[in-house]
Amino acid sequence: MGNQPAKQDKDRDKESDLIRVRIRPEIDQDLVKWLSRDVKQLCTFVPKKPHAIQPPDHEIEYMRLHGLLDLDLDDPDLTHLLK
């Protein structure tokens, strides 16, 4: 009864003394530079003059019928946003 000391395996002690080394393959540094440059270009791309996009008429009608579109696209206050 009571707590007993844990039994230690002799095989387990031998395994814990081993040093495990993981070797990874060489990475071409030119490839890494090329990929990092491309990822940077993709992530920082911003169009110079973005154009406002208006959805097709059938989608606008669908959104109005189902109450999803609460904005009036002909509102003069919103014309500067839709140009």
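Refer to the structure printed above.
Residues numbered from 1 in each chain as written. Predicted model: local features only at pLDDT ≥ 70, side-chain atom pairs only at ≥ 80, totals over all residues. Heavy atoms only, no water.

Novice: Is there a simple way to explain the overall build of the chain in this structure?
Specialist: The secondary structure content of the chain amounts to four helices and zero strands. Mapped from its N terminus to its C terminus, the chain presents α and β elements in the order α-α-α-α. Looking at the chain as a whole, 4% of its 83 residues qualify as buried. Accessible area of the chain: about 9,300 Å², with a carbon and sulfur share of 55%. (Helix = DSSP H or I, 4+ residues; strand = E, 2+ residues; numbered from the N terminus. Buried < 20%, exposed > 50% of the residue type's maximum accessible area, 1.4 Å probe, protein only. Areas by Shrake-Rupley, 256 points an atom, 1.4 Å probe, with all protein chains shown as cover.)

Novice: Help me out: how do you make sense of a nonpolar patch on the surface in this one?
Specialist: A surface patch of nonpolar side chains, about 420 Å² in accessible area, is lined by Ile-19, Val-21 and Ile-23. Topologically, Val-21 is positioned in the loop between helix H1 (10–16) and helix H2 (29–43). (Patch = residues over 30% accessible without salt bridge, like charges linked within 9 Å, V, L, I, M, F, W, Y side chains within 5 Å. Salt bridge = Lys/Arg side-chain N within 4 Å of Asp/Glu carboxyl O.)

Novice: For this particular structure, what's the right way to read the pattern of salt bridges?
Specialist: Between side chains of opposite charge, a pair can form when the charged atoms approach closely. Per the stated rule, a full pass over the model turns up one salt bridge. With its nearest N and O atoms 3.7 Å apart, the salt bridge here joins Asp-38 to Arg-37. The exposure class of Asp-38 is partly exposed, given its relative accessible area of 23%. The class for Arg-37 is partly exposed, based on a relative accessible area of 45%.

Function cannot be inferred from these measures alone, as they are strictly geometric.
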